[in-house]
Amino acid sequence: MKDNCESFDVAKYFAQEMEKDKNLSAGIAAIKTLLMVLEKTKFDTVQELHTTIKTAIATMKETEQPLTAVISGCELFSRFITLAKIDDVTMEECRTIMLHRGNVFLQKLLEARQIIAKQASLFVQDGCRILTHSRSRVVLEALTVAAQSNKRFHVFITRSSSDNEGERMRTDLEKYGIDCTLILDSAIGYVMENVDMVFVGAEGVVESGGIINRIGTLTMALCAKEMKKPFYVLAESFKFSRLYPLNQRDLPNEYKYPRKSLKGDLSKTHPQVDYTPPAYITLLFTDLGVLTPSAVSDELIKLYL
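What this report covers is the structure whose coordinates are included nearby. Since the structure is predicted, the reported quantities are computational estimates derived from the model, not experimental observations. (Residues numbered from 1 in each chain as written. Predicted model: local features only at pLDDT ≥ 70, side-chain atom pairs only at ≥ 80, totals over all residues. Heavy atoms only, no water.)

## A closer look at the overall build of the protein chain
The condition is simple: Helix numbering and strand numbering both begin at the N terminus, where a helix is a DSSP run of H or I of at least 4 residues and a strand a DSSP run of E of at least 2. Two things to know: the radius of gyration comes from C-alpha atoms, and the globule rule equals 2.2 Å times the number of residues to the power 0.38. The contact criterion used is simple: two residues touch if any of their non-hydrogen atoms lie within 4.5 Å.
Secondary structure summary: the protein chain contains 12 helices and 10 strands in total. The C-alpha radius of gyration computed for the protein chain amounts to 20 Å, which stays within 12% of the reference 19 Å derived for 305 residues, consistent with globular compactness. Its C-alpha atoms give the protein chain principal-axis dimensions of roughly 60 × 45 × 35 Å. Taking as baseline every contact in the protein chain between residues at least 6 positions apart, the subset at least 24 positions apart corresponds to 75%.

See the structure below:
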């Protein structure tokens, strides 16, 4: 088994999946990588299998991809494939069963974005104005579905410093003929009074129903709450995470900072994400249904039963 494991480069395959499809979530890419680990590696015992999976997850956690979705996606995947009854079967049969379950699980997740987009697009009405933060693949999908239904609306997009992903979001929306305006991150308060709703994605949804997302999401949620604008989150269920932060300091550093910065002075490093408590979230659109923040913990229990 050792030779087989060493012949498959987890980090390289994970990076290739991310590079191959720019719209692929890091969580989905991680799950695809674990499936390939199962396919390429021979196991003599179940313990060996679990150890190899854990090693692969640890390798992906060391990359510069968003950690929240990678961890939650891998945990849920591991839980799902091990639900299979594997008594009285050979290890090869066990591997076949797990591969089958893993592919079924992956297919469900690949359909999740479209399910969420259809739900959220129903909330978009002709003439409405929507504010969104940075670039979210699932928000982009929802807005394009709404536009394909011949709805006319306007989208305000934050530039999202420091990588300016909002510019890419604007380009994507304009391809579908959607009117949009790119704004400075600091203009959120100014624009908020002119919008009808806020749509944001999430890197992770925690047990409380709050979210971990691109830095600046909390500021947007606070403004929306103050100005009584609905704040909607669009997130796939594989991003549901068994974390329960109470504030920004409760988020583990590995979630907040680039991996290369963790060994340095974090007081001089800008966090990449922030935590938005459930009190500021109106509804979450997920592939499990439209949820209130308080319903998230129940869905997490179901996922991990």
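## Section: the packing of aromatic side chains
Put simply, the rule reads: Side-chain rings of Phe, Tyr and Trp (the six-membered ring for Trp) are treated as a pair once their centres are within 6.5 Å; stacked means planes under 30 degrees apart, edge-to-face means over 60, and tilted covers the remaining angles. Each residue is placed in one exposure class: buried if its accessible area under a 1.4 Å probe, protein chains only, is under 20% of its type's maximum, exposed if it is over 50%, and partly exposed if it falls in between.
For the structure on display, the rule yields 6 aromatic pairs. For the pair phenylalanine 77 and phenylalanine 105, a centre-to-centre distance of 6.1 Å together with 50 degrees between the ring planes defines the contact as tilted. Linking phenylalanine 77 in helix 5 (residues 67-81) with phenylalanine 105 in helix 6 (residues 91-121), this pair joins segments that are 28 residues apart in sequence. For the pair phenylalanine 123 and phenylalanine 285, a centre-to-centre distance of 4.9 Å together with 80 degrees between the ring planes defines the contact as edge-to-face. Of this pair, phenylalanine 123 sits in the loop between helix 6 and strand 1 (129-132) while phenylalanine 285 sits in strand 9 (residues 283-286), and the two are 162 residues apart along the sequence. Take phenylalanine 285: its relative accessible area is 0%, and that puts it in the buried class.

## Quick look at the sheet that holds strand 9
Here is the rule we go by: Here, a strand pair is defined by DSSP locating no fewer than two bridges between the strands. To define axes, lines are fitted to C-alpha atoms, for helices over the stretch in contact only, and angles between the resulting N-to-C directions are given on a 0 to 180 degree scale.
Taken in spatial order, the 7 strands make up an open sheet running 3-2-1-4-7-9-10, and their pairing is mixed. Each edge of the open sheet is held by one strand with a lone partner, namely strand 3 (179-183) and strand 10 (289-291). On average, adjacent strands in this sheet sit at an angle of 25 degrees to one another, irrespective of strand direction. Bridging between strand 9 and strand 10 involves 3 bridges; their strand directions are antiparallel. Each residue of the ladder has a partner; that of phenylalanine 285, found in strand 10, is valine 290. Across the sheet, helix 6 lies against strand 4 (197-200), strand 7 (231-234), strand 9 and strand 10, angled at about 140 degrees from strand 9, the strand it touches most.

## Some points on the pattern of salt bridges
Spelled out, the test is: When a carboxyl oxygen of Asp or Glu lies within 4 Å of a side-chain nitrogen of Lys or Arg, that pair is called a salt bridge.
Going through the model one piece at a time under the given rule, you end up with 12 salt bridges. Two residues, glutamate 17 and lysine 20, come together in a salt bridge whose shortest N-O distance is 2.9 Å. Residue glutamate 17 and its partner lysine 20 are both found in helix 2 (residues 10-20); the two are separated by 3 residues, about one turn of the helix. Here aspartate 163 makes a salt bridge to arginine 214, at a shortest N to O gap of 2.9 Å.

## What to know about helix 7 (residues 137-148)
To keep things clear, this is the line we draw: A helix's residues, less one, multiplied by 1.5 Å, set its expected span.
Relative to the 16 Å expected for 12 residues at 1.5 Å per residue, helix 7 spans 16 Å between its end C-alpha atoms, a close match to the ideal helical length. With respect to burial, helix 7 is a largely interior element, 9 of its 12 residues being buried. The set of residues buried in helix 7 consists of Val138, Val139, Leu140, Ala142, Leu143, Thr144, Val145, Ala146 and Ala147. Where helix 7 is buried, its residues meet helix 6, strand 1, strand 2 (154-158), helix 8 (165-175), strand 4 and strand 7. Following helix 7 by one or two positions, asparagine 150 has its phi on the positive side, about 65 degrees.

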